[in-house]
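# Descriptive analysis of the structure
Each chain, written out:
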Amino acid sequence: MTKTPRRPFRSRDWFAAPERSDMTAMYLERFMNYGLTPEELRSGRPIIGIAQTGSDLSPCNRIHLDLARRVRDGIRDAGGIPMEFPVHPIFENCRRPTAALDRNLAYLGLVEILYGYPIDAVVLTTGCDKTTPAGIMAASTVDIPAIVLSGGPMLDGWHEGQLVGSGTVIWRSRRQLAAGEIDEEEFLQRACNSAPSAGHCNTMGTASTMNAVAEALGLSLPGCAAIPAPYRERGQMAYETGRRIVDMAYEDLRPSRILTRESFLNALSVISVAGGSSNAQVHVMAMARHAGVVLEAQDWTDHAYDLPLLLNMQPAGQFLGERFFRAGGVPALMWELQQAGRLHNDCASVTGKTIGDNLQGHEARDREVIRPFSAPLMEKAGFLVLSGNLFDFGIMKTSVISPAFRERYLSQPGREGIFEARAVVFEGADDYHARINDPALDIDEGCILVMRGAGPIGWPGSAEVVNMQPPDALIRRGINTLPTLGDGRQSGTADSPSILNASPESAVGGGLSWLQSGDTVRIDLNTGRCDALVAPEEIARRKRELPAPPVPASQSPWEALYREKTGQLADGATLDFALAFQRISEKTPRHNH
């Protein structure tokens, strides 16, 4: 039976436009040179793009070089024509000065491909942190049917009989190295053992968080996010994703029909109960803005702060990705939210059914890994938004507040949730590493470490450098964590309860620009305030008389353009001029000859 698309496939304007047969000939001609036929391209079947993010430069996503074959199989079997194309690489661990520069660059490139070529629908291959938001942002801008296929996490890492989670083991071993408990060779071996197979981070870092977000938004098939990369189920999911995107092309099931304010609020809830990455705040805000959805910074506190921590997975918990998958993955977490009345069930999804319908029968299979609402790992474990005279917006991931940190800083009788600390200010990461062990700084447990110059403009790109560890001398005394604050980010795999993403950043005149070492900073988690206890007239004097913090020169054309066009972390660090472009596929680009 011949299917009829809900709206004509846009590829027909390339390959079957009767009024310009000369252009049809030009568009067809070169596709012949690798074996396609005119009959295929002119058949009226949908052309499905496979946005390939895997490469040797992107090891977290490299599994997609193999998975793409199963995606192609699914597309062909469902009656589509697959076309695979490369996406700008993103590799969090290795890209200098930061992979944050690449999210917006990959977004721009993908928008131009999806808009300017004869693609009717697209499979977005994701994995490493920023590949997920870059793809979703681009799909929203163009607004053609799109489905997310994550590559999945690595197998669990083990070292001498103990679980070692990617990323998290780095930060924990770094402290042990400083304490003299391990040597550099042991440090390197632990890190290497945390990466035993293909896939992205096996912790609930930014990669796992953002792929969970894609599923929570309704953009992936149920269960997609948590399948480990080497498992057979991952290849099966790739096949089913290829089949489903063809039907979505016929149904014209576009991101604009799926992404709503309610679907984003679902995502915020999933991030909180999963103990997800603080970087999700930046990416979720960016995705919402490109989708034309109003999401406010305060929504993180109003809709997700009071949620409990349900997922027992590093860095906030104990286990890693394989155990999470076997426990039921993202659908099991969402089932818990559904049963507690904390989920918007009527949101649409790529299945063609509602989120609520997708969750039937998905109760967790392992209660040690996914706790019920009635017995969580931690109450009120979501994200807390703060503001004050140092910034208009900052965010804290409360699920990684350890008992020791809570006892030392947040449990003073009569002042629970409130503490004051002496600021020690660093001008970026190089300054921190050069001076953190300087005895002249007199750093003790009454200090807060402050990193400035790490935001989108100052770094540039915003770097994962705010999770600063204490001086070696303090670590040897058993003090492994100090309060930290900065206008940059931290790794989603880190277990530090930092105040992050402070906006506006110091490089554009934010409050951290006038803060000085020795100032007292008061943090009140009850009211969501973070203030330097400095008199207003002194603040005015500093703004007037003191030089601005140093900002390094741009080292590439893109760095310069990024700084010129990018907003602050509070609003998603988007290319703000790009927000004016939405649903651009509604008008086909004009011919090229």
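Report follows, based on the coordinates. Computed from a prediction, not measured in an experiment: that's the story for all the values here. (Residues numbered from 1 in each chain as written. Predicted model: local features only at pLDDT ≥ 70, side-chain atom pairs only at ≥ 80, totals over all residues. Heavy atoms only, no water.)

### Points about the overall build of the protein chain
Summing up its helical and strand segments, the protein chain has 21 helices and 14 strands in all. Each of the three principal axes of the protein chain carries a C-alpha extent, and together these read 75 × 55 × 45 Å. Here the protein chain holds 593 residues, and 61% of them are scored as buried. For the protein chain, the share of sequence-separated contacts (at least 6 apart) that also reach a separation of at least 24 residues comes to 76%. Summing over all exposed atoms, the protein chain offers an accessible surface of approximately 22,700 Å²; the carbon and sulfur share of this is 50%. (Helix = DSSP H or I, 4+ residues; strand = E, 2+ residues; numbered from the N terminus. Buried < 20%, exposed > 50% of the residue type's maximum accessible area, 1.4 Å probe, protein only. Contact = heavy atoms within 4.5 Å. Areas by Shrake-Rupley, 256 points an atom, 1.4 Å probe, with all protein chains shown as cover.)

### Some remarks on helix α15 (residues 329–339)
Across the eleven residues of α15, ten count as buried, placing the element largely inside the fold. G329, V330, P331, A332, L333, M334, W335, E336, L337 and Q338 are the residues of α15 that are buried. Its buried side turned inward, α15 meets α9 (206–216), α11 (261–274), α14 (321–327) and α16 (355–358). Looking one or two places after α15, you find G341, whose phi comes out positive at around 70 degrees.

### Comments concerning the pairing of strand β7 (residues 383–386)
Residues of β7 alternate between two faces, with F383 and V385 on one and L384 and L386 on the opposite face, all of them buried. As judged from the four bridges shared by β7 and strand β8 (residues 393–397), these two strands associate in the antiparallel manner. When the sheet's bridge partners are listed, L384 is paired in β8 with M396. Taken together, β7 and the strand that follows it, β8, pair antiparallel across an intervening segment of six residues. (Pairing = 2+ DSSP bridges.)

### What to know about the sheet that holds strand β1 (residues 47–52)
Read across the open sheet, the four strands follow the order β2-β1-β3-β4; overall the sheet is parallel. Where the open sheet ends on each side, the last strands, each with one partner, are β2 (81–86) and β4 (146–150). Sheet twist, expressed as the average angle between the axes of neighbouring strands with direction ignored, equals 25 degrees. Where β1 meets strand β3 (residues 121–126), four bridges bridge the pair, whose relative direction is parallel. When the sheet's bridge partners are listed, I50 is paired in β3 with V123. Those strands touched by helix α5 (residues 100–116) are β1, β2 and β3, and its axis lies near 150 degrees from that of β2. (Axes fitted to C-alpha atoms, helices over the stretch in contact; angles between N-to-C directions.)

### Looking at the nonpolar core
Of all hydrophobic cores here, the largest spans 114 residues; its most connected members are V284 and W300. Setting aside residues no more than four positions away along its own chain, V284 makes contact with V213, F264, L268, I271, L295 and W300. By size, the runner-up hydrophobic cluster in this structure holds 46 residues, among which are A423, L441, A454 and A463. (Core = buried A, V, L, I, M, F, W, Y, C linked by side-chain atoms within 4.5 Å.)

### With respect to the side chain of R563
With respect to the helices and strands, the residue R563 is situated in helix α21 (residues 557–565). For R563, the side chain forms a polar contact with the main-chain oxygen of G458, separated by 3.3 Å. Those residues in contact with R563 that lie beyond four places of it in its chain are P456, I457, G458, W459, P460, V551, P552, A553 and S554. (Polar contact = N/O pair within 3.5 Å; in protein donor to acceptor, adjacent residues only side chain to side chain.)

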